[in-house]
Amino acid sequence: MIPSPVWHPFTQHALEAPMKRIVATEGAYLFDEDGNRFLDAISSWWVITHGHRHPGIMAAIREATEAYDQIIFAEFTHEPAEALAAGLLDFAPPGLQHVFYSDSGSTAVEVAIKMALGTFYNRAVARDRIVVMEHGYHGDTIGTMSAGERGVFNAPFEPLLFGVDRLPFPEPGCEQETLDAFQAICCSGRVAAILVEPLVLGAGGMKFYSSAILAALKDIAGRHGCLFIADEVMTGWGRTGTRFACEQAGVTPDILCTSKGLTGGALPLAATLCTGEIFEAHLSYDRRKTFFHSSSYTANPIACAAAVANLQVWRDEPVEARIVELAAQHTQHLQRFDNDKRFANVRQCGTIAALDLAVPSGGYLAEVGPRMRRMFRERGMLLRPLGNVIYLMPPYCTSAGDIAAAYEAIDEVVSLVLEETAS
Ligand SMILES: *Cc1c(COP(=O)(O)O)cnc(C)c1O
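Calculation criteria
Residues numbered from 1 in each chain as written. Predicted model: local features only at pLDDT ≥ 70, side-chain atom pairs only at ≥ 80, totals over all residues. Heavy atoms only, no water. Near = heavy atom within 4 Å. Polar contact = N/O pair within 3.5 Å; in protein donor to acceptor, adjacent residues only side chain to side chain. Areas by Shrake-Rupley, 256 points an atom, 1.4 Å probe, with all protein chains shown as cover. Nonpolar A, V, L, I, M, F, W, Y, C, P; charged D, E, K, R; others polar. Buried < 20%, exposed > 50% of the residue type's maximum accessible area, 1.4 Å probe, protein only. Helix = DSSP H or I, 4+ residues; strand = E, 2+ residues; numbered from the N terminus. Pairing = 2+ DSSP bridges. Expected span 1.5 Å × (residues − 1). Arc of directions from axis to C-beta. Contact = heavy atoms within 4.5 Å. Axes fitted to C-alpha atoms, helices over the stretch in contact; angles between N-to-C directions. Left-handed = near helix turned anticlockwise from the far one by under 90°. Patch = residues over 30% accessible without salt bridge, like charges linked within 9 Å, V, L, I, M, F, W, Y side chains within 5 Å. Salt bridge = Lys/Arg side-chain N within 4 Å of Asp/Glu carboxyl O. Lys, Arg positive; Asp, Glu negative; His and termini not counted. Core = buried A, V, L, I, M, F, W, Y, C linked by side-chain atoms within 4.5 Å. Domains from an automatic or database assignment. Phe/Tyr/Trp six-rings, centres within 6.5 Å; stacked < 30°, edge-to-face > 60°. Lys NZ or Arg CZ within 6 Å of the ring centre and 35° of its normal.

Colleague: Explain the site of the ligand to me, please; I cannot follow it from the model alone.
Modeller: Taken together, Trp 46, Ser 104, Gly 105, Ser 106, Tyr 137, His 138, Gly 139, Glu 197, Asp 231, Val 233, Met 234 and Lys 260 form the complete shell of residues around the ligand. Between Gly 105 and the ligand, the recorded distance is 2.8 Å, taken from a backbone N or O atom to an oxygen atom. Protein contacts shield 83% of the accessible area of the ligand, which totals 380 Å² for the unbound molecule. Its residues placed into classes, the shell around the ligand shows 4 nonpolar, 5 polar and 3 charged.

Colleague: Please clarify how the pairing of strand 12 (residues 270-274) should be interpreted in this entry.
Modeller: In the case of a regular strand, side chains alternate between the two sheet surfaces. Of all 5 residues in strand 12, 5 are buried, a share of seventy percent or more. Covered by surrounding structure in strand 12 are Ala 270, Thr 272 and Cys 274 together with Ala 271 and Leu 273, the residues of both alternating faces. As defined by bridge partners, strand 4 (residues 98-102) adjoins strand 12 across 5 bridges and the pair is classed as antiparallel. Paired with Ser 102 across the strands is Ala 270, a residue of strand 12. Direction of pairing for strand 11 (residues 255-258) relative to strand 12: antiparallel, over a ladder of 4 bridges. Looking at the pairing, Cys 257 lines up with Thr 272 of strand 12.

Colleague: Can you help me understand helix 6 (residues 175-186) in this one?
Modeller: Given 3.6 residues to a turn, an α-helix orients residues that are three or four positions apart in the same direction. Given a rise of 1.5 Å per residue, 12 residues ought to cover 16 Å, and the 17 Å separating the end C-alpha atoms of helix 6 matches this to within 8%. Every buried residue of helix 6 is accounted for by Thr 178, Leu 179, Phe 182, Ile 185 and Cys 186. The buried residues of helix 6 occupy an angular sector of 130° when the element is viewed end-on, so they sit on one face. In this fold, the buried residues of helix 6 make contact with strand 5 (129-133), strand 6 (165-167), strand 7 (191-196) and helix 7 (211-223).

Colleague: What's the story with the packing of helix 10 (residues 319-334) against helix 12 (residues 400-422) in this structure? I'm lost.
Modeller: In a pair of packed helices, the angle between the axes and the distance between the axes together describe the arrangement. Relative orientation of the contacting elements helix 10 and helix 12 amounts to 35°, with a least axis distance of 10 Å. For helix 10 against helix 12, the interelement crossing comes out right-handed. Contacts from Leu 326, Gln 329, His 330, His 333 and Leu 334 of helix 10 reach helix 12 at Ala 400, Ile 403, Ala 404 and Tyr 407. The residue inventory of the contact of helix 10 with helix 12, partitioned by class, reads 6 nonpolar, 3 polar and no charged.

Colleague: I tried to follow a nonpolar patch on the surface on my own but got confused; where do I start?
Modeller: Together, Phe 10, Trp 45, Val 152 and Phe 153 make up a nonpolar patch on the protein surface, roughly 390 Å² of accessible area in all. Here Phe 153 is to be found in the loop between helix 5 (142-147) and strand 6. Under the relative-accessibility criterion, Phe 153 is labelled partly exposed at 40%.

Colleague: What exactly am I supposed to notice about the side chain of Glu 110 here?
Modeller: Relative to the assigned elements, Glu 110 resides in helix 4 (residues 105-122). Buried charge without a partner: Glu 110 forms no salt bridge, and the closest opposite charge is Lys 114, 6.6 Å away. In this structure Glu 110 touches Thr 141, Ile 142, Gly 143 and Thr 144, once residues within four positions along its chain are discounted.

Colleague: How do you make sense of the nonpolar core when you look at a structure like this?
Modeller: Residues Phe 182, Ile 194 and Met 206 are the most contacted members of the largest nonpolar core, which totals 101 residues. Residue contributions to this core peak at 10 residues, all from helix 9 (residues 301-316). Viewed by domain, this core spans two of them, domain 1 (55-316) and domain 2 (319-422), each represented by three or more residues. Among residues more than four places away in sequence, those in contact with Phe 182 are Val 131, Leu 167, Ile 194, Leu 217, Ile 220, Ala 221 and Cys 226. Membership of the second largest hydrophobic core comes to 24 residues, among which are Ile 113, Phe 120, Leu 195 and Ile 229.

Colleague: Please explain the sheet that holds strand 3 (residues 37-40) as it appears in this structure.
Modeller: Across a sheet, paired strands are connected by hydrogen bonds in the backbone, their directions being either parallel or antiparallel. With mixed pairing, the 4 strands of this open sheet are ordered in space as 1-2-3-15. Both edges of this open sheet fall to strand 1 (22-26) and strand 15 (381-382), since each of them pairs with a single strand only. Note: strand 1 against strand 2 (residues 29-32), 4 bridges, orientation antiparallel. Paired with Glu 26 across the two strands is Tyr 29, which belongs to strand 2.

Colleague: What is the right way to read the packing of aromatic side chains from this model?
Modeller: Pairs of aromatic rings are described using the distance from one ring centre to the other and the angle between the two planes. Throughout the structure, instances matching the rule amount to 14 aromatic pairs. The interplanar angle of 80° and the centroid separation of 5.8 Å between the aromatic rings of Phe 91 and Phe 244 together place this pair among those described as edge-to-face. Taken as a pair, Phe 91 in helix 3 (residues 79-91) and Phe 244 in the loop between strand 10 (227-231) and strand 11 lie far apart in primary sequence, 153 residues in all. Exposure class is identical for Phe 91 and Phe 244. Each is buried. Measuring from centroid to centroid gives 6.1 Å for Phe 169 and Tyr 209, while their planes differ by 85°, and the two rings are edge-to-face. Placement of Phe 169 in the loop between strand 6 and helix 6 and of Tyr 209 in the loop between strand 9 (207-208) and helix 7 is noted, with a sequence separation of 40 residues between them. Classification of Tyr 209 by relative accessible area gives buried; the value is 7%. Chaining the aromatic ring pairs together yields one cluster made of Phe 91, Trp 237, Phe 244 and Trp 314. We note Lys 207 situated over the ring of Phe 169; from NZ or CZ to the ring centre the distance is 4.9 Å.

This is how it looks when you write it as structure tokens:
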């Protein structure tokens, strides 16, 4: 067989077997060329919300292709983008007034950072620092890597990454340290914005913190005139139990980034929502105050139509009830691991469940990760532990039987892996 020229993301090709081709998707499943079925227990990297190929979303895509392809988004607008903007502002926490489109989570966050800096620049106020949280992840571009946790993933690019101020993660019992650190940094008067993943730090290891801390951070930001950016790229669209995670803290951020579940996961699209204040800071007879950002595929009409259809699914179908039911199933299954010596830190936030495998060498590169992945795949499960952190983030259509099977597989695979490590 001729080796494939395809270079896959986050893949060490020297260590991985050639990949199987997926030939179809449906609901919670992926089907490969050999007729194997896999439960997509991580929603294809957190993008699929309702399930693969939701009929309403696929129909909207087909219909949009009858009228549109890509259309320049300076000079003209189009109905899917207009309908989506109105629908998004209705769906998001109250008080956001403008929608800027891009095409990935990383670009949504880049746009947010640029909006924040542009706001103070245009006001001739010297604020240019960005505050982030330890273990954060905001994307893989140079700007978003700068804001994210530094480590093996970005070591080669370190010389290019810009400096940010980092708050310690609010570990249980030490939350006040995080708030005090933020307060102290704010007193410099140089902070333009704080950028955080609300409630759940995803790629950083499914680390959870409370809505009270989120609300307190927003409060400190507000008192110091520092903008609050919520990176809801993963947490949005129901993952944490509410439409957006910020809702649980009663917080409306100044800037909100959304992408992954925006089209239900069917097509790439992103949006950065902001307050009137931020838009108005860029509104001027002086052209130099324009917000200078664009991606070629900004507001792709077909992707926007998919997102409009996704909003319709939220209106027409009992999505909230499915989320409640899925969360209840996690709660029930997680109980059996609660006093289990094999695990530490058994936790849940809405539809996301996570547990740490109690092994001495943790971290993303932990050898147990790839071993577990292979064993899960052999059992028809797509699960990708983040190092020793095993997590489930299934689409909302996943059946109770499939959830039970996923927990069964975790139980079995973990026992096997621990036996291997012991011997
Ligand atoms: C995935 C993710 C991103 C980056 O999104 P891409 O579409 O992969 O660029 C940014 N922020 C968070 C919180 C994410 O989970």
